[in-house]
Amino acid sequence: MSTPKNETSTVSRKTLWTVIGASSAGTLIEWYDFYIFGSLATIISAQFFPPGDEFVSLLLTLATFVTGFVVRPFGAMFFGAIGDIVGRKYTFMVTLLLMGISTAAIGVLPGYATIGLAAPIILLILRMLQGLALGGEYGGAATYVAEHAPAGRRGFYTSFIQTTATLGLFVSLGVILATRLWLGEDTFKEWGWRIPFALSIVLVALSYVIRRRLHESPAFAALKASGKSSKTPIRDSLMNPTNRKYVILALLGATAGQGVVWYTGQFYALYYMQTVLKVDFVLTNNIIAIALVLATPFFIVWGHLSDKWGRMKIMMIGCALAAVSWIPIYHAMASAAGYNAADVSAPLHAPDVPMLVFLVFLQVFWVTMVYGPIAAFLDTNDSDLLARKA
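Below is a short write-up of the structure. Fair warning: this is a prediction, and the values are worked out from it, not measured in the lab.

### Some words on helix 7 (residues 118-148)
Here's step 1: Between the first and last C-alpha of helix 7 there are 45 Å, a value that for 31 residues agrees with the 45 Å anticipated at 1.5 Å per step.
Here's step 2: Of all 31 residues in helix 7, 23 are buried, a share of seventy percent or more.

### Observations regarding the packing of aromatic side chains
Given two aromatic rings, their pairing is described by the distance between the two centres and the angle made by the two planes.
Here's step 1: Under the definition given, this model contains 25 aromatic pairs.
Here's step 2: Ring plane angle 90 degrees and centroid distance 5.3 Å describe the contact between Phe 156 and Phe 160, whose orientation is recorded as edge-to-face. Taken together, the residues Phe 156 and Phe 160, both in helix 8 (residues 154-183) and four residues apart, mark about one turn of the helix.
Here's step 3: One aromatic cluster is present, formed by Trp 31, Tyr 35, Trp 262, Tyr 263, Phe 267, Tyr 271, Phe 299 and Tyr 371 through successive ring pairs.
Here's step 4: The aromatic ring of Phe 37 is capped on one face by Arg 127, whose charged end is 5.0 Å from the ring centroid.

### Comments concerning unusual backbone geometry
Negative phi is the rule for most residues except glycine; trans is the rule for most peptide bonds.
Here's step 1: Phi at Lys 278 is positive, roughly 60 degrees, even though this residue is not glycine.
Here's step 2: Relative to the helices and strands, Lys 278 is located in the loop between helix 13 (241-276) and helix 14 (281-295).

### Structural notes on a nonpolar patch on the surface
Here's step 1: Together, Phe 55, Val 56, Leu 59 and Leu 60 make up a nonpolar patch on the protein surface, roughly 360 Å² of accessible area in all.
Here's step 2: Looking at the secondary structure, you find Phe 55 in helix 3 (residues 54-70).

### Things to note about the packing of helix 5 (residues 88-108) against helix 10 (residues 194-211)
Here's step 1: Direction vectors running N to C along helix 5 and helix 10 enclose 160 degrees, while the axes themselves pass 7 Å from each other. In terms of their interaxial angle, helix 5 and helix 10 are classed as roughly antiparallel. Here helix 5 runs over helix 10; the crossing is left-handed. For the pair formed by helix 5 and helix 10, the contact residues are Lys 89, Phe 92, Met 93, Leu 96, Leu 97, Gly 100, Thr 103, Ala 104, Ile 106, Gly 107 and Val 108 on the first element and Arg 194, Phe 197, Ser 200, Ile 201, Val 204, Ser 207, Tyr 208 and Arg 211 on the second.
Here's step 2: Residue classes in the contact of helix 5 with helix 10 are distributed as eleven nonpolar, five polar and three charged.

### Some details on helix 2 (residues 41-48)
Here's step 1: Burial analysis of helix 2 places six of its eight residues in the buried class, which makes it a mostly covered element.
Here's step 2: Burial in helix 2 covers these residues: Ala 41, Ile 43, Ile 44, Ser 45, Gln 47 and Phe 48.

### Observations regarding the pattern of salt bridges
Here's step 1: Within this structure, the stated rule accounts for three salt bridges.
Here's step 2: Put simply, Arg 180, Glu 185 and Lys 189 are held in one network by salt bridges that share partners.

### Describing the environment of Ser 325
Here's step 1: Mapped onto the elements of the fold, Ser 325 is located in helix 16 (residues 311-336).
Here's step 2: The class of Ser 325 is buried, set by a relative accessible area of 13%.
Here's step 3: When the C-alpha atoms of Ser 325 and Trp 366 are compared, they prove to be 9.9 Å apart, with 41 residues separating the residues in sequence.
Here's step 4: At 2.9 Å, the side chain of Ser 325 forms a polar contact with the side chain of Trp 366.

### Brief notes about the side chain of Thr 284
Here's step 1: Within the secondary structure, Thr 284 is located in helix 14.
Here's step 2: Residues in contact with Thr 284, not counting those within four places in the same chain, are Leu 270, Met 273, Gln 274 and Val 279.

Cut-offs applied
- Each chain carries its own residue numbering, running from 1 in the direction its sequence is written.
- Under the rules for a predicted model, residues below a pLDDT of 70 receive no local features and side-chain atom pairs below 80 are neither given nor counted, while totals for whole chains, interfaces and linings still include all residues.
- As a convention, hydrogens and water are excluded, and side-chain values are obtained from all of the structure's heavy atoms.
- Going along the chain from the N terminus, every DSSP run of H or I of four or more residues is numbered as a helix, and every run of E of two or more is numbered as a strand.
- Helix span, as expected, comes to 1.5 Å for every residue beyond the first.
- Throughout this description, buried means an accessible area under 20% of the type-specific maximum (1.4 Å probe, protein chains only), exposed means over 50%, and partly exposed covers the range between.
- Each pair of aromatic rings taken from Phe, Tyr and Trp, with Trp reduced to its six-membered ring, is defined by centres within 6.5 Å and is described as stacked if the planes are under 30 degrees apart, edge-to-face if over 60, and tilted in the remaining cases.
- Note on criteria: charge over ring means Lys NZ or Arg CZ within 6 Å of the ring centre, with the direction from the centre no more than 35 degrees off the ring normal.
- Patch membership requires more than 30% relative accessible area and the absence of a salt bridge. Residues of like charge join within 9 Å; the nonpolar side chains Val, Leu, Ile, Met, Phe, Trp and Tyr join within 5 Å.
- The accessible surface values rely on the Shrake-Rupley method and a 1.4 Å probe; as for residues, cover is taken only from the protein chains in view.
- Salt bridges are defined as contacts in which a side-chain nitrogen from Lys or Arg sits within 4 Å of a carboxyl oxygen from Asp or Glu.
- Geometry is summarised by axes, namely lines fitted to C-alpha atoms with helices restricted to the contacting stretch, and by angles between N-to-C directions that run from 0 to 180 degrees.
- Orientation is classified from the angle alone, with under 35 degrees giving roughly parallel, over 145 giving roughly antiparallel, 65 to 115 giving roughly perpendicular, and any other angle giving oblique.
- Less than a right angle of anticlockwise turn of the near helix away from the far helix marks a crossing as left-handed, whereas a clockwise turn marks it as right-handed.
- Only heavy atoms enter the contact rule, under which two residues are in contact if any of them lie within 4.5 Å.
- Note on residue categories: nonpolar means Ala, Val, Leu, Ile, Met, Phe, Trp, Tyr, Cys or Pro, charged means Asp, Glu, Lys or Arg, and polar means any other residue, Gly included.
- N or O atoms within 3.5 Å of each other form a polar contact, as long as, within protein, one can give a hydrogen and the other can take it, and as long as residues adjacent in sequence are counted only when both atoms are side-chain atoms.

See the structure below:
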């Protein structure tokens, strides 16, 4: 993300909150679209891959899911460059539409039984388009908010954008649960799973209308008017040794560790309970949803504290806590679910739901530490990124 140096926001508080609200709404919908795929992995695997081995089909589905993450940096780079040239607003309007169309297309895509191998191939392409769109959307929205926020409060204000990833997962789980309970399990597995994908069109349309009213940030407008904006931002980022160092630092030193903590603490916890511990599908989703609701406010807390204590310090502590606690946490989850590793065929007792909620909450709490401050950390004005201040 790039913002003009030494710019201090002069926008009114009302305008700033309007910007945060509109940006967050669109980004939440993008994350919703992105995570429906992962939340429905066990069902998608049966729809789009050859029948026979359920485990292999699930692995192929998860591999397809992962491609969305692989292409995200390219989306961030491509759409970030466009944003630096034509503006943030118009760029994340494009990414919003691209995500919505790709998601809705998955909802109407015929399965393997109908079109054979074309089904997983088209699914892979649509998933890659989702990843490109999300890469551009998140970076553009976070930069847009940062360019409106006062310099000393960027951690606090950009943390609202950070909540959208977890809230998007929460909304996807809620829509899936509501649809499944409404239609029944058999109907949901047959065709009802397509409804959450199709709903994306409605949500995207609403967000598009809201975002059309926004204007470019004062910081970007001033940079554009001064003629100092880059006409070749990708080349400038990669060819300049100093800029290239920051790009590598951001990708490998910050976002890579944050990504491991994020997806282990939320998505792997979901899959682990469903596929290994064999906890009921609806109960698993409820456990994750409750933990997400309880933990989400801490994105704001850590974003605010990062303005005072420094981004890196909080993010590194969060990564360290996750690394040393994951193995004990997952052993405790197995115990709470009644899983017997020595005899996996043994009947399970009733899961200890409050304990499972707490253990997932603990993982999401680490997520809030590493993810809450990261948008401000990646801002090129941020002292943690430029001066290495902790």
